Amino acid sequence: ISSSKTLGAILPHHLGALLSDYYVKVVAGVTDALVETDYSLKLLLLKGEREKWDHYNFRVGEAVDGAIVIHRHSCFSNEAVFERLGMPCVVIDDPNPQLQAHCVAGDNRLGGALAGRYLAEKGHRRIAVLTGPPGSIDSRLRLEGLMYSFRHLPAQPRLTVRTAYYVQESAREVVTTLLKNRDAITAIFCCNDDMALGALEALRQLGLRCPGDVSVIGYDDDARAALADPPLTTIRVPLYAMAQEAARCLVRYLAGEHPLGFFQGCTLFPVELVERASVGSC
């Protein structure tokens, strides 16, 4: 198959998608990494039923040599799709060694452990955790890291785990329900900053202070985190650098530089805790 010298960036198409800080950083990282190459980028926003795209021939229909896939669960209905696409792909986030694709992700276990250690040091033991969708590997690894950070403490934490689908509105509803039921939680760990902002909104509506009554910690370091009230303590993920590496990795593969280590490989990036004002001592 002849080369088009074009890569695709595949992401789900929903209202306001390209206003999202997450997508801004990812698309900027991919495009900047391609500036000094002879590759162009085609933005492919998928909408409609996911099954519709499972058998679509992107290589022929869109004339792309390979693709960077963002939020794969929102784009395709199952993981076997990467064996059928017929082109090399790099997936950003939700790393799975069984995928027929290279994965680039932040170190989710480390991020969860950093959040857990910080909450433990502040004396928190009754912690609510808001996760993404049930199939989210990112959320599962972050929860594992959180639990690991408490392993040596004499008093193990009481975790209340709820699914809020990475959505601000859903998180607001979940937190409102939890606290109206008088669940005696002292801190909320949110697996992304959208949910953390929803948690802050719920606390305000209930007349509770953050961090005076309930502490909140997020994940990603969204651009809005520093502007929140209070400014949000969170785990910073280097999305821009991850997106750059995803593009470079795909270009290297297409140049034949590392064909053996590409599929089932995973490049992990370190993450860091950003301490602001939304977590207090228990």
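For the structure given in this document, a descriptive report is provided here. All residue numbers here refer to positions counted from 1 along the written sequence of the relevant chain. It should be noted that, the model being predicted, local features are given only for residues of pLDDT at least 70 and side-chain atom pairs only at 80 or more, the latter also being counted only at that level, while totals for whole chains, interfaces and linings use all residues. Where side-chain values are given, they derive from all heavy atoms of the structure, hydrogens and water being excluded.

## Things to note about the state of the cysteines
Then step 1. We call a pair of cysteine sulfur atoms a disulfide when they lie within 2.5 Å. What the rule picks out here adds up to 0 disulfides.
Then step 2. Of all cysteine sulfurs in the structure, the one in Cys191 sits closest to Cys190, which takes part in no disulfide; the separation is 7.9 Å.
Then step 3. Exposure is judged per residue with a 1.4 Å probe applied to protein chains only, and the accessible area is read against the type maximum: over 50% gives exposed, under 20% gives buried, and values in between give partly exposed. Residue Cys190 is classed as buried on the basis of its relative accessible area, which comes to 0%.
Then step 4. You can see Cys210 has no disulfide; the closest cysteine sulfur is in Cys190, sitting 9.8 Å from it.
Then step 5. The class of Cys210 is buried, set by a relative accessible area of 17%.

## Section: empty space enclosed by the protein
Then step 1. Residues are said to line a cavity or pocket when one of their atoms sits within 4 Å of a point; the points come from a 1 Å grid over protein atoms alone, cavities being sets where a 1.4 Å probe fits but cannot get out and pockets being open sets with protein on both sides within 12 Å along at least five of seven lines. Grid points are joined across faces, edges and corners, and a volume is the space filled by probe spheres set on the points. Summed over the entire model, instances satisfying the criterion amount to 1 cavity of 30 Å³ or more.
Then step 2. One number sums up the size of the largest cavity: a volume of about 40 Å³.
Then step 3. As for the largest cavity, its lining consists of Tyr22, Asp93, Gly106, Asp107, Asn108, Arg142, Tyr219, Asp220, Val237 and Leu239.
Then step 4. Ten residue types, Ala, Val, Leu, Ile, Met, Phe, Trp, Tyr, Cys and Pro, are classed as nonpolar, four, Asp, Glu, Lys and Arg, as charged, and the remainder, Gly among them, as polar. Tallied by class, residues from the lining of the largest cavity come to 4 nonpolar, 2 polar and 4 charged.

## Some points on the sheet that holds strand β6 (residues 126-131)
Then step 1. Strand order across the open sheet formed by 4 strands is β7-β6-β8-β9, with parallel pairing between neighbours. In this open sheet, the two strands that pair with only one neighbour each are β7 (158-163) and β9 (215-217). Taken pair by pair, the neighbouring strands of this sheet meet at an average axis angle of 20°, ignoring direction.
Then step 2. Two strands pair when backbone bridges link them, and β6 and β7 are joined in this way by 6 bridges, in the parallel orientation. Across the sheet, the residue bridging to Leu130 is Arg162, located in β7.
Then step 3. Taken strand by strand, helix α7 (residues 137-149) contacts β6, β7 and β8 (187-190), and its axis lies near 170° from that of β7.
Then step 4. Lying over the sheet, helix α8 (residues 168-180) contacts β6, β7 and β8, oriented at roughly 140° with respect to β7. Two strands pair under a simple rule: DSSP has to find at least two bridges between them. To qualify as a helix, a DSSP run of H or I must reach at least 4 residues; to qualify as a strand, a run of E must reach at least 2; elements of each kind are numbered from the N terminus. Lines fitted to C-alpha atoms define the axes here, with helix axes fitted over just the stretch in contact, and angles between the N-to-C directions of these axes take values from 0 to 180 degrees. Working rule for contacts: check all heavy atoms of both residues, and any pair within 4.5 Å makes them a contact.

Geometry only, nothing functional implied.
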